[in-house]
Amino acid sequence: MTPRWRRIFFSFLLTAAGFAGLAAISSSRATDQAGSPNQNDSAKIAPWVVEHTANGHRSEFIVVLADQADLSGAAMLRAKIDKGRFVRDALWNKAQTTQGPILQWLRDRGIEHRSFYIVNALWVKGDRAVAESLAARTDVARVEGNPRIQNFPQGLRAIESPSQPNSPETVEPGINYTHAPQVWALGHTGEGIVVAGADTGFRWTHNAIKPHYRGWDGVTADHDYNWHDSIHDSSGNPCGNDSPFPCDDAGHGTHTLGIAIGDDGAGNQIGMAPGAQCIGCRNMDAGVGTPARYVECMEFFLAPYPVGGDPSQGDPTKAPDLTTNSWVCPTDEGCSPNTLQSAVEGQRAAGIEMVAGAGNNGSDCSTLIYPPAIYDASYTVGALNTGRDLIASFSSRGPVTVDGSNRLKPDITAPGTNNRSSYNTSDTAYAILSGTSMATPHIAGSVALLWSARPELRPDLDATEGTLNNAAVHINSTECGTGIPNNVYGWGRVDVFAAVNATGTPSPTPTATPVPPIRVNVSVNPTEISEGEAATYTVTASSTVTRSITVSYAMSGTATNGTDYTLSGTPNQVIIPAGQSSAAVTLTSYLDQVTEGTETAIMTLQRGRGYKLGRNKEATLSIIESR
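Residues numbered from 1 in each chain as written. Predicted model: local features only at pLDDT ≥ 70, side-chain atom pairs only at ≥ 80, totals over all residues. Heavy atoms only, no water.

(A) Spotlight on the state of the cysteines. Scanning the entire structure with this criterion turns up four disulfides. The disulfide partner of cysteine 281 is cysteine 297, and the S-S distance across this bridge is 1.9 Å. When the S-S torsion is -75 degrees, as for the bridge of cysteine 281 with cysteine 297, the disulfide is left-handed. A residue pair is termed long-range when its members are at least 10 positions apart, and cysteine 281 in strand S9 (residues 277-282) and cysteine 297 in helix H11 (residues 291-302) qualify at 16 residues. Judged by its relative accessible area of 1%, cysteine 297 falls in the buried class. Covalent S-S linkage joins cysteine 329 and cysteine 335, the inter-sulfur distance amounting to 2.0 Å. Between cysteine 329 and cysteine 335 the disulfide shows an S-S torsion of about 95 degrees. By sign, it is right-handed. Cysteine 335 carries the same exposure label as cysteine 329, and that label is buried. For the protein, numbering the cysteines in disulfides from first to last along the sequence yields the connectivity 1-2, 3-4, 5-6, 7-8. (Disulfide = S-S within 2.5 Å. Helix = DSSP H or I, 4+ residues; strand = E, 2+ residues; numbered from the N terminus. Buried < 20%, exposed > 50% of the residue type's maximum accessible area, 1.4 Å probe, protein only.)

(B) A look at empty space enclosed by the protein. Under the defined criterion, the tally for this structure stands at three cavities of 30 Å³ or more. Its boundaries defined by the atoms lining it, the second largest cavity holds a volume of some 50 Å³. Lining the second largest cavity are Ile62, Val64, Phe116, Val119, Ala121, Val295 and Thr339. (1 Å grid on protein atoms, 1.4 Å probe; cavity = no way out; pocket = protein on both sides within 12 Å on 5 of 7 lines; lining within 4 Å. Points joined across faces, edges and corners; volume = space filled by probe spheres on them.)

(C) Quick peek at the sheet that holds strand S15 (residues 419-422). A sheet is described by the order of its strands in space; here three strands give the open sequence S6-S16-S15, paired in antiparallel fashion. Across the chains shown, the open sheet's two edge strands, defined by having one partner strand only, are strand S6 (159-161) and S15. Within the sheet, the average angular offset between the axes of one strand and its neighbour, ignoring direction, is 40 degrees. As judged from the three bridges shared by S6 and strand S16 (residues 430-433), these two strands associate in the antiparallel manner. Its bridge partner lying in S16, isoleucine 159 is registered against isoleucine 432. (Pairing = 2+ DSSP bridges. Axes fitted to C-alpha atoms, helices over the stretch in contact; angles between N-to-C directions.)

Listed below in structure tokens is the structure:
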């Protein structure tokens with residue numbers, strides 16, 4: 001670890017006295033915002049952490065604070081630059097105002113740590129006593145694992161390819177299959193759009209990438225704000241640690257980025273959007289990622305900072321427009337389902353489209369089980385056999401069950417077999433790879449093309465996805481449920497020309513009729529109850545939903561939740577399952593001896609993704625005092 005990263009990321013006690021006292025101190029309980037340990041505190045600690053801190057072992061974990069920033073105000077802002085500033089400032093300020101006591105506690109005990117802000121959380125390395133002390137704090141919500149995830153356990157199996165494609169065809173088959181060249185013919189190649197690659201890094205000097213790298217002006221290179229390396233503790237990696245320039249230690253990142261934007265100007269037309277620019281972040285050590293590495297790169301993309309700098313120097317005006325993500329965080333290897341969710345949602349709130357691979361666990365249903373692909377905030381991509389409207393056998397299928405959402409995924413599909421693209425072994429190297437990793441940058445490039453041709457859609461991510469979805473070649477399936485969309489193909493095979501050109505239609509089938517927006521309303525029955533009785537709020541969609549939607553709500557009125565009544569389900573949200581048109585929340589009032597008069601409990605629906613608010617967005621219940 002370099003002195004720079006030691007200074008930025010970790011706090012150490014380097015004196016002999018500090019080390020001598022550490023064992024005694026680590027078992028002590030936090031005094032600030034902490035209470036006596038109890039069973040509820042133990043429930044905050046993920047099983048992976050318990051397992052990996054057994055028998056006195058030290059391990060890495062993510063400490064998620066209870067107080068998280070409210071980003072809902074970003075939805076009211078139209079311009080991406082305004083969204084980015086709002087989100088970055090809201091997240092940064094929340095971390096700055098809430099992390100002080102816990103940071104001081106960690107520093108006082110010489111415990112290794114690093115602060116994040118895109119999720120109000122900290123990376124910590126400690127033993128079981130440290131984990132338990134942190135879990136006992138009232139300002140801590142969860143203590144989750146930071147496992148090391150091998151993204152390519154079987155290796156990449158790359159097939160080296162000639163530097164020149166077979167003549168006369170120079171555009172790769174997968175690129176042709178999406179109808180990207182027809183968009184180029186209209187004069188749109190992704191100009192004005194910045195695509196970020198979160199992967200094993202990238203070989204920035206590769207002939208198909210260098211002309212598109214934002215850090216290259218044709219004469220000199222400037223990696224500030226364009227590159228970040230989240231690998232700080234590798235051993236023997238060819239890129240070392242904290243590489244000051246873009247470097248790819250495995251080849252995967254160079255390959256995926258090439259599919260998104262690559263073109264060497266000499267016949268290797270390997271990329272979807274060759275007019276776009278690219279930046280990147282290495283979030284894997286030769287394929288090995290961790291939640292902390294993933295979060296660090298997402299934080300960099302939200303507000304990039306100079307090489308050797310730190311997040312306090314972050315500039316959201318230099319954020320990319322979208323990110324391509326061909327990596328996973330398996331829950332069965334210790335990555336909690338929601339560790340990364342807030343970071344993904346933070347990027348989306350800032351107007352950054354996060355395109356994520358569905359994973360290669362097919363062909364059974366409900367094999368789409370890995371973050372970030374499982375999240376509603378991710379635009380999730382399945383893989384087709386290139387040139388055929390047939391799902392690849394390895395492509396993971398929905399519905400998503402690992403988080404209990406039953407969410408329909410993937411969202412869309414793209415070519416994912418035998419894709420030829422740039423590779424990291426030389427500036428003229430090319431290789432053939434297959435996987436949802438390769439399908440994903442086809443969609444990232446499609447978004448770049450769509451935004452360059454139709455800038456009015458940027459950064460409206462719902463409208464962007466809806467345009468691509470409705471213009472896709474819709475493919476039905478009976479494997480994991482029927483209809484369009486479905487849990488095998490999503491909305492179908494991307495057709496970016498049909499999305500861009502109003503006169504273009506998908507081939508062989510026409511575009512579907514645009515789906516009207518789902519509107520949600522709320523009612524309560526009965527509208528009056530006495531203390532000790534119950535009432536039901538019903539959230540109703542304007543039509544049966546094809547994929548589950550999570551509707552947010554807030555409670556107000558003179559009655560107080562937790563004192564005067566309790567609510568069923570998850571606080572402040574209700575899920576309308578796929579195939580249904582409504583969901584209910586039950587309010588149960590308390591029968592107490594306090595004279596309060598008639599009180600009100602008002603449920604107000606909040607704005608959210610996947611729905612719009614109807615006219616009846618508020619419902620008032622009167623709770624009459626029992627005599």
